[in-house]
Amino acid sequence: MLRFFNRRIFLSAGFFMFFALLVHAEQPQFPDAQRLLIESIGGDSAVAKLKGIKTIETFGTGNTNGFKSRFHMIVAPPDRIYLDIQHEGYSLGRIVNGNRGWIKTLNGKFTPMNSTELSQSKGSFFAETFQFLFPDSSGRIPRVDSKSLNPNHACWKVMAPSGKDGEIPFYIDATSKNILATEGYMDNMHIRSVNTEFDTISGIIFPTKTISRIEETKFELTQEIDSILLRNTIRTTVFQPSAGKTSANFPKGVVEISIPIEYVNGHILVRATINGKRKLKFILDTGCSTNLFHEESIRDLSLPTIGTLPFRGIGGIQEMPLVRIDTMEIGGLKFLPQAAGVTNISGVASETISNAEMGGLLGFDFFSDFPVTINLEQLRMTIHDPKNFTISNSAIGFPLEFYSQVPTISATICGVSGVFLVDLGNAAGVLLHQSFINQYQLESCLNSIDFNSQSVAAIGGTVGVSFYRAKSFSLGTINYENLAVAVPDSSSGISGTSDIAGNFGSLFFKPYEITFDYPNRMLYLRLLKN
């Protein structure tokens, strides 16, 4: 139901606000693109200096919509990155080590990046790692795309090869040769940045102040570098994730905790107590990359606001404040202090929970440390001690990958394989994204259902939904014919993401006892009825 977007330092991801209204002059004689990139860092002498440097370490401050932070970044060109961002009340970060990467979540957990996240992370730090100075594996070379003018600046737009077939745009001042801006994507959000201040360290030009913005939001991040250290050694251990923090301590001597749940209008509900005071009902939502509180229910708890970040759901992108709680107790299991998002979610489940009882959504931070089994026939949820957990021999296992802390599994529709979110917060069955349908021309595989299209409230906004039957659909050895699917009409939210085929909701899993084993990255299904 919700995707959380963590919120990194966008030192190179790029916003070119000065050139929003570009006036293209007559076609000029284009200079050599590689030469422009070399001159942008200080020329051939700077390139020679870089060849003797193993790591570049930077320290600085950030300001995200008025909330201050400090960051520490280490890069080992061309493809190793360590980033740690410390806010008051929470921390974030990323690690890239060649062909592997990890995301540090809102509450200090590291989850592996998928291929898209890894590619976008490398692109976001393209300038910091000086990847544009290294030969592209595909043999492509940089190219000058255009020359742009505004009343104060003339700049060259240089497209540098990145990844398999991507390109990163650099806007290079025609006079100073400084990199004025770049642009790219992070978590499939378009980010544009402006470099406003520069400094020269050992003959190498570095941008030292950058303003970054995410399109479709008011999110703005300003970063200022305090110090830059050039080293001729590499601390390889820094490019490996730490174990991270545990969200809760499992009671000693207890193997599992069984908790009653409710199943209402496709939503799975569980009771929780916040800060020992407020007992509320929460929706289990594996599609939420963090826990999320309903703003009206916690207003009088006086929880401190510690930041603000963009969140993306099916309906689009919205900005949400972050708060910090001291404790959350679920069935005798006490969760430690944690950060969470806050928004008004009454429209998402107004027919499921009264506004007075609505607590919010329990997402990644609830599921991350323990295997959790849900049985909708018995209306029970069991939280297992991971040290003593075993799975039934009759259960079918599916490997999980994570997409911004949301679990995904592979499935096939009409012979085409795709990656699907596992989203218990989706009260329907299977959602199929229009972008995936278009990409693989699946229209002939879908038969329209004679059923009126509906508008559905979701995180990010309200979306229209149309209904079809897919001629064939399979999840591992589980096969379906004429499976009903819903197709959202949104293109700005997660449903507009081309690398995600769709979404498995709670209704799809109703015939099964379902176990989420996040620590071992597995999903298990045990059929309850034929």
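Please read all numbers here as calculations on a predicted model, not as lab measurements.

Asker: Sorry, what's going on with the state of the cysteines here?
Answerer: Throughout this description, disulfide means a covalent bond between two cysteine sulfur atoms. Enumeration over the complete set of coordinates arrives at one disulfide. With a sulfur-sulfur separation of 1.5 Å, C414 is cross-linked through a disulfide to C445. Disulfide C414-C445: the torsion about the S-S bond is 55 degrees, which places it as right-handed. Taken as a pair, C414 in the loop between β31 (406-413) and β32 (416-422) and C445 in the loop between α6 (434-439) and β34 (446-448) lie far apart in primary sequence, 31 residues in all.

Asker: Before we go on, may I ask you to explain the pairing of β31 in this structure?
Answerer: Each regular strand displays side chains that alternate between the two surfaces of the sheet. Most of β31 sits inside the fold, with six of its eight residues counted as buried. Both strand β30 (residues 401-403) and β31 contribute to a ladder of three bridges, which runs antiparallel. Looking at the pairing, F402 lines up with P407 of β31. Connecting β30 to the antiparallel partner β31 that follows it, the hairpin turn spans two residues, and S404 within it adopts a positive phi of roughly 50 degrees. Sheet analysis places β31 next to β32, joined by six bridges and oriented antiparallel. By the bridge assignment for β32, I409 is matched with F420. Connecting β31 to the antiparallel partner β32 that follows it, the hairpin turn spans two residues, and C414 within it adopts a positive phi of roughly 50 degrees.

Asker: Any chance you could explain helix α2 (residues 44-51) here in plain terms?
Answerer: Think of an α-helix as turning once every 3.6 residues; residues three or four places apart then point the same way. Of the residues making up α2, those classed as buried are A46, V47 and L50. In a view along the axis of α2, the buried residues occupy a sector of 100 degrees, so they form one face of it. Turned more than 90 degrees away from the buried face of α2, the exposed residues are S45, A48 and K51. Tucked into the core, α2 has its buried residues touching α1 (33-40), β3 (55-64) and β14 (204-214).

Asker: Would you mind showing me how to read the packing of aromatic side chains here?
Answerer: How two aromatic rings sit relative to each other is given by the distance of their centres and the angle of their planes. The full count for this structure, using the stated rule, is 23 aromatic pairs. Relative to F206, the ring of F130 has its centre 6.1 Å away and its plane inclined at 80 degrees; by these criteria the two rings are edge-to-face. A residue pair is termed long-range when its members are at least 10 positions apart, and F130 in the loop between α3 (115-124) and β9 (143-149) and F206 in strand β14 qualify at 76 residues. With relative accessibility at 5%, the residue F130 sits in the buried group. Both rings, one in F282 and one in F293, keep their centres 6.0 Å apart while their planes meet at 75 degrees; by these two values the pair is edge-to-face. Pair noted here: F282 is in strand β19 (residues 278-284) and F293 is in strand β20 (residues 292-294), with a separation of 11 residues, a long-range link.

Asker: Quick question: what am I supposed to make of unusual backbone geometry here?
Answerer: Trans peptide bonds make up most of the peptide bonds, and negative phi angles are found at most residues other than glycine. The omega torsion of the bond from P77 to P78 falls at 10 degrees, within 30 degrees of zero and hence cis. If you check the backbone angles, F130 has positive phi at about 55 degrees while not being a glycine. With a phi close to 55 degrees, R521 is a non-glycine residue in the positive phi region. Counting through the fold element by element, R521 comes out in the loop between β39 (512-517) and β40 (522-527).

Asker: Which parts of the structure should I look at to understand the environment of S466?
Answerer: With respect to the secondary-structure elements, S466 resides in strand β36 (residues 461-475). When the C-alpha atoms of S466 and A486 are compared, they prove to be 5.7 Å apart, with 20 residues separating the residues in sequence.

Asker: It is not clear to me how the pattern of salt bridges should be interpreted in this structure. Could you clarify?
Answerer: Any two side chains of opposite charge can pair if their charged atoms end up close together. Taken as a whole, this structure holds 14 salt bridges when the rule is applied. Residues D145 and R143 are paired through a salt bridge, measuring 3.2 Å at the closest nitrogen-oxygen approach. For R143, a relative accessible area of 37% translates into the label partly exposed. We note a salt bridge from R143 to E167, for which the minimum N-O separation is 2.8 Å. Taken together, the residues span a long stretch of sequence, with R143 in strand β9 and E167 in strand β11 (residues 166-173) at a distance of 24 residues. Under the relative-accessibility criterion, E167 is labelled partly exposed at 32%. Taken together, the shared-partner salt bridges connect E57, R231 and R235 into one network.

Calculation notes
Just so you know, the residues in each chain are numbered from 1, in the order the chain's sequence is written. Totals for whole chains, interfaces and linings use every residue, but because this is a predicted model, local features are given only for residues with pLDDT of at least 70 and side-chain atom pairs only at 80 or more, for both listing and counting. No hydrogens and no water enter the side-chain calculation; it runs on all heavy atoms of the structure. Any cysteine sulfur atom paired with another within 2.5 Å is treated as part of a disulfide. Helix numbering and strand numbering both begin at the N terminus, where a helix is a DSSP run of H or I of at least 4 residues and a strand a DSSP run of E of at least 2. Burial classes follow relative accessibility: with a 1.4 Å probe on protein chains only, a residue under 20% of its type's maximum area counts as buried, one over 50% as exposed, and anything between as partly exposed. Following DSSP output, two strands are said to pair if at least two bridges run between them. Directions drawn from the helix axis to the C-beta atoms are what define this arc. We call two residues in contact whenever any of their non-hydrogen atoms come within 4.5 Å of each other. Stacked, tilted and edge-to-face are the three classes applied to pairs of Phe, Tyr and Trp rings, where Trp contributes its six-membered ring and a pair requires centres within 6.5 Å; stacked means planes under 30 degrees apart, edge-to-face means over 60, and tilted covers the rest. Throughout this description, the term salt bridge denotes a Lys or Arg side-chain nitrogen within 4 Å of a carboxyl oxygen of Asp or Glu.

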